[in-house]
Amino acid sequence: MPVPAIARARCNVQHLKTERASTILFKLTTRLIETKYRDDNGQLKRIVRQWLDNHLVCVGDTYPALILMRERSDEACNRIVNAINASELQSAQIQALLDPYNPTGSTAHVNFNTSKDTWKTDPQKSHLNLVVTDSDWEAQFARAAETHPAVLAYAKNQGLGLEIPYLPGSDQRRYLPDLLLKADDGRGPDDPLNLIVEIKGYRGEDTKVMADTMRAYWIPGVNNLKKFGRWAFLEITQPFAMDSDLEAIIAQKITGTLAESPV
């Protein structure tokens, strides 16, 4: 049976190399307005220009106009909005929307089997008898948490149901932070600091979006609810610095040098 010949076409984006900077600025600002804002408040074009000039880094054979590809432009818009929200934390009134059917979680309901490596916890510091260690770093952090005198309790976020929605581009995903921790940051055990702890060795683009979402949305959103205590986010990227990183965030809260999220 004869098979019809099908013409092949090679697609590329080389034509984008000729896009002028003003065109890139206009198109990215337009996408930002279409997806994130109702209208331009007169500042968005200036903010997008600043982002393009100071924060867009092109490596290898890439060039600025590639940011106009839909997935990349949505990612850029998310980054810009996160930066705007982070700069306005003191005045923003972001509030978290709780799951109406399961608004709170508890270690009391955690029960699962695993074949992964585990760290046996100190029962004085953890309600759960084991920490499932997805990496050696998590076992190292469990040791750091158990030996720090200000740490009241901690638990691995496995089986707890804590998931954070985020947008790496145009597709919504869910991210599970590594650990939760309660610490006495100077206000006494009745008013502890709740820490979301994320341990990452390699900070890819997806990881940066997750961290930005925690700082710009989840932390201020939960704090603004005013009924779940005080929350902060700790991202650990160096294994040998986790003791000092944990000490620093607790000490900064005690001395007041770390700005509080709005409550």
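Scroll up to find the structure this text is about.
Analysis parameters
Residues numbered from 1 in each chain as written. Predicted model: local features only at pLDDT ≥ 70, side-chain atom pairs only at ≥ 80, totals over all residues. Heavy atoms only, no water. Pairing = 2+ DSSP bridges. Helix = DSSP H or I, 4+ residues; strand = E, 2+ residues; numbered from the N terminus. Axes fitted to C-alpha atoms, helices over the stretch in contact; angles between N-to-C directions. Buried < 20%, exposed > 50% of the residue type's maximum accessible area, 1.4 Å probe, protein only. Arc of directions from axis to C-beta. Contact = heavy atoms within 4.5 Å. Phe/Tyr/Trp six-rings, centres within 6.5 Å; stacked < 30°, edge-to-face > 60°.

## Description of the sheet that holds strand β8 (residues 230-236)
Judged by pairing direction, the sheet is mixed, and its four strands sit side by side in the order β3-β6-β7-β8 without closing on themselves. Two strands bound the open sheet, and with one partner strand each, they are β3 (151-156) and β8. Across this sheet, the average inter-strand angle for adjacent strands is 20°, counted without regard to direction. Bridge count for strand β6 (residues 179-183) against strand β7 (residues 193-199) is five bridges, and the pairing is antiparallel.

## Some remarks on helix α2 (residues 44-54)
Turning to α2, its buried residues are Leu-44, Val-48, Trp-51 and Leu-52. Projection of α2 onto a plane perpendicular to its axis shows the buried side chains occupying an angular sector of 95°, all on one side. Across α2 from its buried face, at more than 90 degrees, point the exposed residues Asp-53 and Asn-54. Summarising the contacts, the buried residues of α2 are in contact with α1 (21-36) and α3 (70-87).

## Considerations on the packing of aromatic side chains
Summed over all chains, the structure comprises one aromatic pair. Measuring from ring centre to ring centre gives 5.4 Å for Trp-218 and Trp-231, while their planes differ by 80°; the resulting arrangement is edge-to-face. Residue Trp-218 is found in helix α5 (residues 205-225), and its partner Trp-231 is found in strand β8; the two are separated by 13 residues along the sequence. Overall, Trp-218 belongs to the buried group, its relative accessible area being 17%.

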